[in-house]
Amino acid sequence: MLLLMLLVTAGCTTKIAYNYAHWWANWAVDDYIDLDREQKAFFKSEFRQLHQWHRETQLPLYVEFLEQLRTTLSEQQLTADSIHKQALATQQLMEHSKKKVTPALAQLLSSLSAKQADKLLKTLARETEKYLEENTYKTEEKRHKARRKAMTRFIKKWIGPLSREQKQLIEEWAQAMHPMAQLDADQQMLWQQKFADALAGAQQADIQIFLDRYLLDDESLWQAEYREQTEKNRRATRQLLANLLNSRSDKQRRKLDKKLNNLIEDFTQLQ
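What you see is a predicted model; the values in this text were computed from it and never measured.

Undergrad: With reference to specific residues and values, describe the overall build of the protein.
TA: Counting its regular elements, the protein contains 12 helices and 0 strands. The C-alpha radius of gyration computed for the protein amounts to 20 Å, which stays within 12% of the reference 18 Å derived for 271 residues, consistent with globular compactness. Projecting the C-alpha coordinates of the protein onto the three principal axes gives extents of approximately 55 × 45 × 25 Å. Split into buried and exposed, the 271 residues of the protein put 41% on the buried side. Contacts spanning at least 24 positions in sequence make up 81% of the contacts within the protein whose residues lie at least 6 apart. In the structure as shown, the protein presents an accessible area of about 16100 Å², 54% of it carried by carbon and sulfur atoms. Averaged over its 42 positive side-chain charges, the protein has a centre that lies 7 Å from the centre of its 37 negative ones.

Undergrad: Which residues make up helix H8 (residues 164-176), and what values do they have?
TA: In an α-helix, one turn spans 3.6 residues; hence positions three or four apart end up facing the same way. Under the 1.5 Å per step criterion, the end-to-end length of H8 is 19 Å for 13 residues, consistent within 8% with the ideal 18 Å. All of the buried residues along H8 are Gln 166, Leu 169, Ile 170, Glu 171, Trp 173 and Ala 174. Contacts made by the buried residues of H8 are with helix H7 (140-159), helix H11 (224-246) and helix H12 (250-270).

Undergrad: Before we move on, could you go through helix H6 (residues 114-135) and cite the residues and values that matter?
TA: Given a rise of 1.5 Å per residue, 22 residues ought to cover 32 Å, and the 32 Å separating the end C-alpha atoms of H6 matches this to within 8%. Every buried residue belonging to H6 is among Gln 116, Ala 117, Leu 120, Thr 123, Leu 124, Thr 128 and Leu 132, and all of these are buried. Elements that come into contact with the buried residues of H6 comprise helix H4 (37-73), helix H5 (80-110) and helix H9 (181-201).

Undergrad: Any chance you could break down the environment of Gln 192 for me, citing the residues and the numbers?
TA: Relative to the elements of secondary structure, Gln 192 occurs in helix H9. For Gln 192, a relative accessible area of 14% corresponds to the buried category. Here the alpha-carbon distance between Gln 192 and Ala 17, two residues 175 residues apart in the chain, equals 29 Å. When near neighbours in sequence (up to four residues on either side) are disregarded, Gln 192 contacts Leu 121, Leu 124, Ala 125 and Thr 128.

Undergrad: Could you give an account of the nonpolar core, with specific residues and numbers?
TA: Of all hydrophobic cores here, the largest spans 31 residues; its most connected members are Leu 66 and Phe 267. Elements represented by at least two residues in this core include exactly H4, H5, H7, H8, H11 and H12. Per element, the largest residue contribution to this core is 7 residues, and it comes from H4.

About the criteria used
- Residues numbered from 1 in each chain as written.
- Predicted model: local features only at pLDDT ≥ 70, side-chain atom pairs only at ≥ 80, totals over all residues.
- Heavy atoms only, no water.
- Helix = DSSP H or I, 4+ residues; strand = E, 2+ residues; numbered from the N terminus.
- Rg over C-alpha atoms; globule rule 2.2 N^0.38 Å.
- Buried < 20%, exposed > 50% of the residue type's maximum accessible area, 1.4 Å probe, protein only.
- Contact = heavy atoms within 4.5 Å.
- Areas by Shrake-Rupley, 256 points an atom, 1.4 Å probe, with all protein chains shown as cover.
- Lys, Arg positive; Asp, Glu negative; His and termini not counted.
- Charge placed at Lys NZ, Arg CZ, Asp CG, Glu CD.
- Expected span 1.5 Å × (residues − 1).
- Core = buried A, V, L, I, M, F, W, Y, C linked by side-chain atoms within 4.5 Å.

Spelled out as structure tokens, the structure:
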């Protein structure tokens, strides 16, 4: 989560975001659960230890990963497979933090009262409903426009203004993507039901089993159609990224290189 957050907030805000991660974490938890005094103290203590562990052990790995990524992206021709390898490397880094946090998370969740657990589950359900309302009932034209806009914004953040050719690549990708809103919502509801079953017993061991099974291996609950369509979309996206990166101008290459260098410098200073 921290890696994803920091990559998204790349630039001068990276160090601020990381150093104030405890504030963001408290804010996020408050949206889902009203912790009592003892639970807040536990959360604060555990997060402080996790943050220190992450700073000392994970940030050096992020620097190593980004240096390797910079080398890969400097190659003249990238392929969908090379993009896939980088995505898997990112996922592996995130798995380290997931494994580290699950014991404390299981302990915290097992301490929830029935009222707290009910609020948590209802909040998750409302989020799924909101997601459906915002996405399922959109026309295909609106979904296409939203995909194109989101990808364009993301790419411009890293390489700057796009050429006509690059805009056309994104246009074709957006048209080819399979709509996932209903499938996503179905998967969320399935996950939430499993989560509710684990919370019902309020036993730390049961919750730990749930987290190990469905948080560390979040694809284990994927249904066949969801898995098939997700992989199709991922393949299309990897090919898009390879095509966009291969079409970079010299100016775009310099901008991306500068972005990566800034991240490497920030992560090094944060250690």
